[in-house]
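Observations on the three-dimensional arrangement
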Amino acid sequence: PLPGAARMYPETDIPITEIPAQYLTELLPETIRQKIVRYQKSGLAEDLATEIAKDNPELFEECLNYGLRPSYVAEIIISAKKTIRRQDNKEINPTNEDYKELFKAIAEGRTAKENVLDILKEGKPVKETLPKYAAISEEEIKRALQRLIIANKGANKAQITGLIMKELRGKASIEKIMQMIQSSVL
């Protein structure tokens, strides 16, 4: 006990009760510093971890449940609004639900990562905008790949990769396209 402004001496009639540290850690919320350290352990750079811990840690942690890389999620949450303002001179105000829906769609393969800024630029709820940026099916990727291979006989994998990426950018995830190129016989 410490003396208060109205008391000259500490309380002497009440015994001091020690509170176990374990009890305090269970009771007290995680500090910003502790979050920053935890976020850095998950792969975030210190400046990004600091910004996300101070800005919107609840949204960040909820969006991690979709299985995307923590650095990617944090970067989008922190920089998407700034990037769109700088590149397009446009103000956007996506809600937490918009971000959740966007990350869920990316994780499920319903849209490609390359479409994130375009989806947010629309300025509409993400649920309304997603159909416009829907990913194409694996079958459609295969058909486009076969068509390019036939049209460019003698082209090596690198050339076909460049052509298919140019054609399908934003319509399918780069990972899926690369996986299909690796499994195809050229």
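Residues numbered from 1 in each chain as written. Predicted model: local features only at pLDDT ≥ 70, side-chain atom pairs only at ≥ 80, totals over all residues. Heavy atoms only, no water.

**A word on the overall build of the protein**
- Of the regular secondary structure elements, the protein holds 11 helices and zero strands.
- Based on the C-alpha atoms only, the size of the protein along its principal axes is roughly 95 × 35 × 25 Å.
- Relative to its 186 residues, the protein shows a buried fraction of 33%.
- Of the roughly 12,300 Å² of accessible surface on the protein, a fraction of 53% belongs to carbon and sulfur atoms.
- Looking at the protein, you have 29 positive and 28 negative side-chain charges, and the mean spots of the two groups are 9 Å apart. (Helix = DSSP H or I, 4+ residues; strand = E, 2+ residues; numbered from the N terminus. Buried < 20%, exposed > 50% of the residue type's maximum accessible area, 1.4 Å probe, protein only. Areas by Shrake-Rupley, 256 points an atom, 1.4 Å probe, with all protein chains shown as cover. Lys, Arg positive; Asp, Glu negative; His and termini not counted. Charge placed at Lys NZ, Arg CZ, Asp CG, Glu CD.)

**As for the nonpolar core**
- Core analysis: the biggest nonpolar cluster contains 31 residues, and Leu44, Ile52, Phe60, Ile77, Tyr99, Phe103 and Leu120 have the highest contact counts within it.
- Looking at this core, the elements with two or more residues in it are α2 (32-41), α3 (46-55), α4 (57-63), α5 (70-88), α6 (96-107) and α7 (116-121).
- Element by element, the count of residues in this core is highest for α5, at eight residues.
- Membership of the second largest hydrophobic core comes to 14 residues, among which are Leu145, Ala172, Met180 and Ile181. (Core = buried A, V, L, I, M, F, W, Y, C linked by side-chain atoms within 4.5 Å.)

**Some details on the packing of aromatic side chains**
- Under the counting rule described, the total for this entry stands at three aromatic pairs.
- Each ring, one from Tyr39 and one from Phe60, has its centre 4.9 Å from the other, and the planes form 75°; the classification is edge-to-face. Placement of Tyr39 in helix α2 and of Phe60 in helix α4 is noted, with a sequence separation of 21 residues between them. The same class applies to Tyr39 and to Phe60, which are both buried.
- Between Tyr72 and Phe103 the ring centres are 6.3 Å apart and the planes differ by 80°, which places this aromatic pair in the edge-to-face class. Here Tyr72, found in helix α5, pairs with Phe103, found in helix α6; they are 31 residues apart in sequence, far enough to count as distant.
- For Tyr72, a relative accessible area of 12% translates into the label buried. (Phe/Tyr/Trp six-rings, centres within 6.5 Å; stacked < 30°, edge-to-face > 60°.)

**Description of unusual backbone geometry**
- Its identity as a non-glycine residue notwithstanding, Asn89 has a phi of 55°, on the positive side.
- Summarising the element assignment, Asn89 is placed in the loop between α5 and α6.
- In this structure Asn89 comes out as exposed when scored by relative accessible area, which is 71%.

**Points about the pattern of salt bridges**
- Going through the model one piece at a time under the given rule, you end up with 12 salt bridges.
- A salt bridge links Lys82 to Glu51; the nearest nitrogen and oxygen atoms lie 2.8 Å apart. Highlighted residues: Lys82 in helix α5 and Glu51 in helix α3, separated in sequence by 31 residues.
- Residue class for Lys82 comes out partly exposed when judged on its relative accessible area of 40%.
- As a salt-bridge pair, Arg147 and Glu167 come within 2.2 Å of each other at their nearest N and O atoms. Of this pair, Arg147 sits in helix α9 (residues 138-151) while Glu167 is found in helix α10 (residues 157-168), placing the two residues 20 residues apart along the sequence.
- Linked by salt bridges that have partners in common, Glu30, Arg38 and Glu61 make up one network. (Salt bridge = Lys/Arg side-chain N within 4 Å of Asp/Glu carboxyl O.)

Fair warning: the whole summary comes from geometry, so function is off the table for now.
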